[in-house]
Structure formats: structure tokens, C-alpha cells
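As a plain string of letters, each chain reads:
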Amino acid sequence: MDFLRPTTWAEALAAKADQPEAVPIQGGTDVMVEINFDVHRPVSLLDLNKVAELQTIELVDGVYRVGAGVPYVRIIEELPGALPGLAQAARTVGSPQIRNRGSVGGNLGAASPAGDSHPPLLAADAVIEVESRDGGVRLIPAHEFYLGVKRSALRPDELIRAFHMKSAEGPQYFSKVGTRNAMVIAVCSFAVALHPAERRVGTGIGSAAPTPRRALEAEEFLAGELDWDARLDPAVLRRFGELCAAAASPIDDVRGTADYRRHAIAVMARRTLTWAWNDYRKVRAA
Ligand SMILES: Cc1cc2nc3c(=O)[nH]c(=O)nc-3n(C[C@H](O)[C@H](O)[C@H](O)COP(=O)(O)OP(=O)(O)OC[C@H]3O[C@@H](n4cnc5c(N)ncnc54)[C@H](O)[C@@H]3O)c2cc1C
């Protein structure tokens, strides 16, 4: 197996253009598991760990540009207020060891429907920055990035450079159901992000469809029905939960049944919206 070790972003793009079959490796918390279990035996690995550009966090005009290689631990420690939904999700990933190595870029590269970063990225309108030597930069909205089970819009000669996310404009929450509290793949998960200036609520569903996805009808329903100056109407909350559950298309598998997942999505949707709404009202009352 070849082991390619670029030290700059330009070198990494050149290596991927010359050898599109090379498998990028960042934290290795997905790649090494697959190699160890002989799921894949890549012809070559493209180690991105020396590429400093992938480790930067920049803030320009209220939008964070977070390098694909930034590990979860830095999102938890450096961005808990700016990207609260993603930071909450990051806290639930694996164990301290996994959070020290694993990255959002790797989560996106794997594009598993169960990846924990996807729902908060969707809810907060994240944009994924990808690049290739010959095709240049593409900015892909998160909701267009996921194409199928472990399939994304990334082309064979492209690498993920960063994700872009606005500093939170309102409360954000993430919730995950697992069979235990830590080191667990989501049975299903859910994220909300309030966008008060636009009178809009963003959503993200995880592990309850072939891809992470937004609950679009539920978002449209809230855009029409939410009274931003009042308490949450229980009927609106209930309908929101139902529409989120209806947006899922889960399967029965070893982690849970489709029925349970639909039920849990409705519960998490109601809970996360209630938490976010209470925070929003508290800030307005202060
Ligand atoms: C014990 C254990 C527990 C785990 N728990 C969780 C969990 O709770 N929640 C969760 O979501 N995940 C979990 N995972 C999975 C994994 O940790 C995450 O998916 C993590 O985000 C992967 O990041 P990484 O940097 O290690 O990726 P890597 O393993 O390095 O790469 C993952 C994929 O992304 C590709 N890739 C990496 N970087 C780039 C790039 N810049 N451009 C293009 N492609 C790229 C790789 O080729 C590969 O296909 C767990 C894994 C283990 C081993």
C-alpha cells in the first residue's frame, strides 16, 4: 500500500488529482477500522495530517470556516457558543480518544446516515467547501451534500477543505438516542437551529433515512404557524413532532426498529424545539 504524505493543501490536491483512488485519511477513526476489518484494502492512503490548512478556524463576517481536519475536541472547546448544536453533537461522539482524532471532515467523507455532525450542519445551513486541482473550489450546501448511504456529492479527485457555518443566530440543540450513554452509534438523532431574524427554524434528522436530511414540511409548518412573541402552542409543537417523524424513512436494523425511530424523532423534535424556544424567550425577556 502506498502512503502519500503531502505537507500543503496544494500538494494534497495534486496527489488526489494524480491518484483519485487514493483514500484520504485524517483522524483515521473510520478508515483504520475498515482496514483492520479488511472491509477495504486501499491501493494508497493520502495522509492529510501534515496539511496545516485543514487545521485552521477562521471567522469572516460572522461566518466560521472550519478546516476539515479540526478534531471534535477543538469544536467542543473553541466553538461551544458560536456553533452550539455542532458542539453538543461533538460531545456525544465516541470517547475522548475518538474526539481527539475524529473530525467533521472525516464524518462528511464517510457520509454515514448515522454521523452525528450531519443534523446540526443541516439545521444551521452549513456549506461544505470542496476542492480539486483541476476543477477548483465548489461550495455545496449541506442539504445537497448527502446523496445516499455513505455516498456524497464529493467527486473522486476532490477533497473536503472546510465547512462554513454562521455563528449561531439563536439557540441550537442536538439530541441523540443510543443504546447507552457513550461510545454509541445513534439509533437516531435530531437537531434544531432557531433563526429568529428570519423567523425560521432549521432541522436535521440523523440515522432515520438513507441520508441525513431536513424535515422540510415541518420547517415550512413552523414558518407559517410559530408566533415568535408567544409561548409555544402545544398543538403546534405536537404537529411539528408529527411532521418531523413523517420526514424520516427509517429501516428496522440491529440498533432499532423503524417504528421506534419514527417515535423517537417526534419526541426529540418536540424536546429540542422546547429547549430552544425556552432559551429564546429567556434571552428576549432579559
Ligand atoms: C470507537 C468508535 C466510536 C465512534 N463513535 C462515533 C459517534 O459516536 N458518532 C459518529 O458520528 N461517529 C463515530 N465514529 C466514527 C468516526 O469517529 C467519525 O465518523 C469521525 O468523524 C471520522 O473522522 P476522522 O477524521 O477519523 O475520519 P477518517 O477515518 O480519517 O476518514 C473518514 C472518511 O472520510 C474521508 N476523508 C477524511 N478526510 C477527508 C477530506 N479532507 N476530504 C475528503 N475525504 C476525507 C476518508 O477517506 C474516509 O472515507 C466512531 C468510530 C469509532 C472507531
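Attention here is on the structure that accompanies the text. These numbers come from a predicted model, not from an experiment.

**Some details on the site of the ligand**
Working step 1: In the vicinity of the ligand, 32 residues are found, and the nearest of them are Pro24, Thr29, Asp30, Tyr72 and Ser103.
Working step 2: At a separation of 2.6 Å, an oxygen atom of the ligand approaches a polar side-chain atom of aspartate 30.
Working step 3: Summarising the interface, the protein chains cover 86% of the accessible area of the ligand, which totals 980 Å² for the free molecule.
Working step 4: If you list the elements that add at least two residues to the shell around the ligand, you get strand 2 (23-25), helix 2 (31-36), helix 5 (96-101), helix 6 (104-110) and strand 10 (159-166).
Working step 5: Looking at which element gives the most residues to the shell around the ligand, the answer is helix 6, with 4 residues.
Working step 6: Residue composition of the shell around the ligand, grouped by class: 16 nonpolar, 12 polar and 4 charged.

**Let's talk about the side chain of threonine 211**
Working step 1: With respect to the helices and strands, threonine 211 occurs in the loop between strand 13 (200-206) and helix 9 (216-225).
Working step 2: Given a relative accessible area of 12%, threonine 211 falls into the buried group.

**Let's talk about the nonpolar core**
Working step 1: With 46 residues, the main nonpolar core has Ile75, Leu83, Leu121 and Phe163 as its most contacted residues.
Working step 2: When sequence neighbours within four positions are dropped, the list of residues in contact with leucine 121 reads Leu86, Val104, Leu108, Ala126, Ala142, Tyr146, Phe163 and Met165.
Working step 3: Residues Ile205, Ala215, Trp228 and Cys244 belong to the second largest nonpolar core, which totals 32 residues.

**Considerations on the sheet that holds strand 4 (residues 57-60)**
Working step 1: Judged by pairing direction, the sheet is antiparallel, and its 5 strands sit side by side in the order 4-5-10-6-7 without closing on themselves. In this open sheet, the two edge strands, each paired with only one partner strand, are strand 4 and strand 7 (136-141). For this sheet, the mean inter-axis angle between neighbouring strands, taken without regard to orientation, is 25°.
Working step 2: Of the pairings in the sheet, the one linking strand 5 (residues 63-67) to strand 10 comprises 5 bridges and is antiparallel in character. Pairing of valine 63 across the sheet is with lysine 166, part of strand 10.
Working step 3: Contacting strand 6 (127-132) and strand 10, helix 1 (residues 9-18) runs over the sheet at an angle of about 125° to strand 10.

**Let's talk about the packing of aromatic side chains**
Working step 1: Taken as a whole and judged by the stated rule, the model has 6 aromatic pairs.
Working step 2: Judged by centre distance (5.6 Å) and plane angle (90°), the ring pair of phenylalanine 145 and tyrosine 146 falls under edge-to-face.
Working step 3: Judged by its relative accessible area of 6%, tyrosine 146 falls in the buried class.
Working step 4: Each ring, one from tyrosine 173 and one from tryptophan 275, has its centre 5.4 Å from the other, and the planes form 55°; the classification is tilted. Here tyrosine 173, found in strand 11 (residues 172-177), pairs with tryptophan 275, found in helix 11 (residues 258-285); they are 102 residues apart in sequence, far enough to count as distant.
Working step 5: Three or more aromatic residues link up through ring pairs in this structure, and these residues are Trp228, Trp277 and Tyr280.
Working step 6: One residue, arginine 161, lies across the ring of tryptophan 9, its end atom 6.0 Å from the ring centre.

Basis of the calculations
Residues numbered from 1 in each chain as written. Predicted model: local features only at pLDDT ≥ 70, side-chain atom pairs only at ≥ 80, totals over all residues. Heavy atoms only, no water. Near = heavy atom within 4 Å. Polar contact = N/O pair within 3.5 Å; in protein donor to acceptor, adjacent residues only side chain to side chain. Areas by Shrake-Rupley, 256 points an atom, 1.4 Å probe, with all protein chains shown as cover. Helix = DSSP H or I, 4+ residues; strand = E, 2+ residues; numbered from the N terminus. Nonpolar A, V, L, I, M, F, W, Y, C, P; charged D, E, K, R; others polar. Buried < 20%, exposed > 50% of the residue type's maximum accessible area, 1.4 Å probe, protein only. Core = buried A, V, L, I, M, F, W, Y, C linked by side-chain atoms within 4.5 Å. Contact = heavy atoms within 4.5 Å. Pairing = 2+ DSSP bridges. Axes fitted to C-alpha atoms, helices over the stretch in contact; angles between N-to-C directions. Phe/Tyr/Trp six-rings, centres within 6.5 Å; stacked < 30°, edge-to-face > 60°. Lys NZ or Arg CZ within 6 Å of the ring centre and 35° of its normal.

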